[in-house]
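# Coordinates in review
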Amino acid sequence: MAHYNNSSTSFLSENNDKENEFNLERKDTTLKSLWKTQNSLYLVLLTVFEAIVVIILESILFAKFKQNVNTINTSNGEGLTKGIPVYLMIFIFSMVFQVALAWDAVRNKNTIQVIAFGLFNLCCLGYAIFQFKQLDRALENFELEQKDIVWELQKIIIANPVVIGICQLAYFYLGARVCLEFGWRIYKKIGADPDIRSMYRCYQIFLTILKIDIFFFLGFSIQYLVLVLKKGDAEYPLTIVALPLTCVLLILAVYAVRHESRQLIILFFVGLAAGVAYFIFKITRMYDEEQKYKFEYVQQCLTFFASVTLFLLVLTIINASICWYNFDRGLKAHLLRNIEEPSAASEENGGRTLSLD
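No experiment lies behind these values; they were computed from the predicted model shown.

## Side note on the packing of aromatic side chains
Summed over all chains, the structure comprises 21 aromatic pairs. Residues F269 and W324 carry aromatic rings whose centres are separated by 5.5 Å and whose planes lie at 35 degrees to one another, so their mutual orientation is tilted. Pair noted here: F269 is in helix α8 (residues 262–286) and W324 is in helix α9 (residues 299–325), with a separation of 55 residues, a long-range link. Residue class for F269 comes out buried when judged on its relative accessible area of 16%.

This is how it looks when you write it as structure tokens:
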């Protein structure tokens, strides 16, 4: 019996060693695959370069604006100058989010997310143009003797959309090349079954939209909290509570689709319907003559964020409905396989799994 225990311990130890070696090899292969695919590497490096340049420009702009804020005629633009630091910080955060989005797309070989990355950068370009108009209005309130500072700040403001626009042209080319490189990925993951491949593509779209949903919802809520609401308003605590609840709801949505939970997906649809009604109400209120004064200097930026969020919510409803329709059609086993041991079928194929991480 003692001999049997020793042999069992030795067998388990060998299995653990092999599993550790496999995990290390898998991580190493992930890194090597990034460096071996040039277009993927160029995409990530260009995204990092764009983020560094834009963040430096925004930081310089923020510092110079804060240094000279006392020279602004605040009687004409108090609300506008209050919002400038918020715009700059959100823009910096968008660059960090964009780097994470690009890295995640390349790491998971997700062609859908590569396309979403390009669209997100276009949104950043649009936001940079809005920011240019808002800052230009703020600079009109500088005293006449500060015109040299105005010109210096204007050059930095113009540089942002120029840098983003040039990078966007490169993203069109690199994104197309990367999508071609990743085209084989889905086939290796789920095989040649066209129905499973179509369902998995819808699942990828669903995950990508949720990631972007979080950014635009947080961006709108932060601006609305800081620039429009006051601590005494009834909406103030409700908006604060809605932030973490929305993030939890989106996480539950991923769980609902992966595990095909009909109860949770219905709860998610209720939340989406409430979100659509909320943003329609907000957009309408921004242009209501009685409420318009509250949004005097932030109307365009808030409209941009609210409109994009509303559009994304509609896309989320459509895609979530498709994912719901695909329940009990065979995708669940593939989606959950990445947290289980490799199946016997995958071992027969040389150890290649069909995980969908």
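## Some details on the packing of helix α6 (residues 194–227) against α9
One way to put it is that α6 packs onto α9 with a least axis distance of 9 Å and a crossing angle of 155 degrees. Classed by the angle they form, the pair α6 and α9 counts as roughly antiparallel. For the pair α6 and α9, the sense of crossing is left-handed. Across the contact of α6 with α9, the residue classes tally to 24 nonpolar, five polar and one charged.

## Considerations on the nonpolar core
Core analysis: the largest hydrophobic core is formed by 87 residues, its most contacted members being F216 and F268. No other element matches α6, which puts 16 residues into this core.

## Considering the packing of α8 against α9
Their axes nearest at 9 Å, the elements α8 and α9 cross at an angle of 155 degrees. Relative to α9, α8 is oriented roughly antiparallel. Crossing handedness for the pair α8 and α9: left-handed. Across the contact of α8 with α9, the residue classes break down as 17 nonpolar, seven polar and one charged.

## Points about the confidence of the model for the protein chain
In this model, the protein chain carries an average pLDDT of 76, and 72% of its residues clear a pLDDT of 70 or more. Per-element confidence in the protein chain ranges from a low mean pLDDT of 38 for helix α11 (residues 344–348) to a high of 91 for α8. The low-confidence segment residues 21–30 (pLDDT under 50) makes three contacts with residues lying over four places distant or belonging to another chain. Every residue in residues 339–357 scores below 50 in pLDDT, and together they form 26 contacts with partners more than four places removed in sequence or on other chains.

## So, the side chain of N319
Looking at the element boundaries, N319 is found in helix α9. Contacts of N319, omitting those with residues within four sequence positions, involve C202, I205 and F206.

## Looking at the environment of Y278
Positionally, Y278 belongs in helix α8. C-alpha of Y278 to C-alpha of A306: the two residues are 28 residues apart in sequence and 9.7 Å apart in space. Contacts of Y278, omitting those with residues within four sequence positions, involve F220 and Y224.

## Things to note about a nonpolar patch on the surface
Taken together, the side chains of I115, L119, L122, L169 and F172 make up a nonpolar region of the molecular surface, amounting to roughly 510 Å² of accessible area. Counting only elements with at least two residues in the nonpolar patch, the list comes to α4 (111–139) and α5 (147–190). By residue number, the principal contributor to the nonpolar patch is α4, which donates three residues.

## Observations regarding the pattern of salt bridges
Throughout the structure, instances matching the rule amount to five salt bridges. A salt bridge links R107 to D104; its shortest N-O distance comes to 3.2 Å. Pair noted here: R107 and D104 are both in helix α3 (residues 74–107), with a separation of three residues, about one helical turn. By relative accessible area, D104 is classed as buried at 17%. Between E235 and K282 there is a salt bridge, and its shortest N-O distance comes to 2.2 Å. Linking E235 in helix α7 (residues 235–259) with K282 in helix α8, this pair joins segments that are 47 residues apart in sequence. The exposure class of K282 is buried, given its relative accessible area of 1%. Counted as one network, the salt bridges with shared partners bring together D104, R107 and K211.

## Quick notes on the environment of I205
The topology assignment puts I205 in helix α6. On the basis of relative accessible area, I205 is assigned to the partly exposed category, the value being 26%. Distance from I205 to A116, taken between C-alpha atoms, is 8.9 Å for residues 89 residues apart in sequence. Sequence-distant contacts of I205, defined by excluding residues within four places in its chain, comprise I112 and N319.

Rules of the game
Residues numbered from 1 in each chain as written. Predicted model: local features only at pLDDT ≥ 70, side-chain atom pairs only at ≥ 80, totals over all residues. Heavy atoms only, no water. Phe/Tyr/Trp six-rings, centres within 6.5 Å; stacked < 30°, edge-to-face > 60°. Helix = DSSP H or I, 4+ residues; strand = E, 2+ residues; numbered from the N terminus. Buried < 20%, exposed > 50% of the residue type's maximum accessible area, 1.4 Å probe, protein only. Axes fitted to C-alpha atoms, helices over the stretch in contact; angles between N-to-C directions. Parallel < 35°, antiparallel > 145°, perpendicular 65-115°, else oblique. Left-handed = near helix turned anticlockwise from the far one by under 90°. Nonpolar A, V, L, I, M, F, W, Y, C, P; charged D, E, K, R; others polar. Core = buried A, V, L, I, M, F, W, Y, C linked by side-chain atoms within 4.5 Å. pLDDT = per-residue confidence, 0-100. Contact = heavy atoms within 4.5 Å. Patch = residues over 30% accessible without salt bridge, like charges linked within 9 Å, V, L, I, M, F, W, Y side chains within 5 Å. Areas by Shrake-Rupley, 256 points an atom, 1.4 Å probe, with all protein chains shown as cover. Salt bridge = Lys/Arg side-chain N within 4 Å of Asp/Glu carboxyl O.

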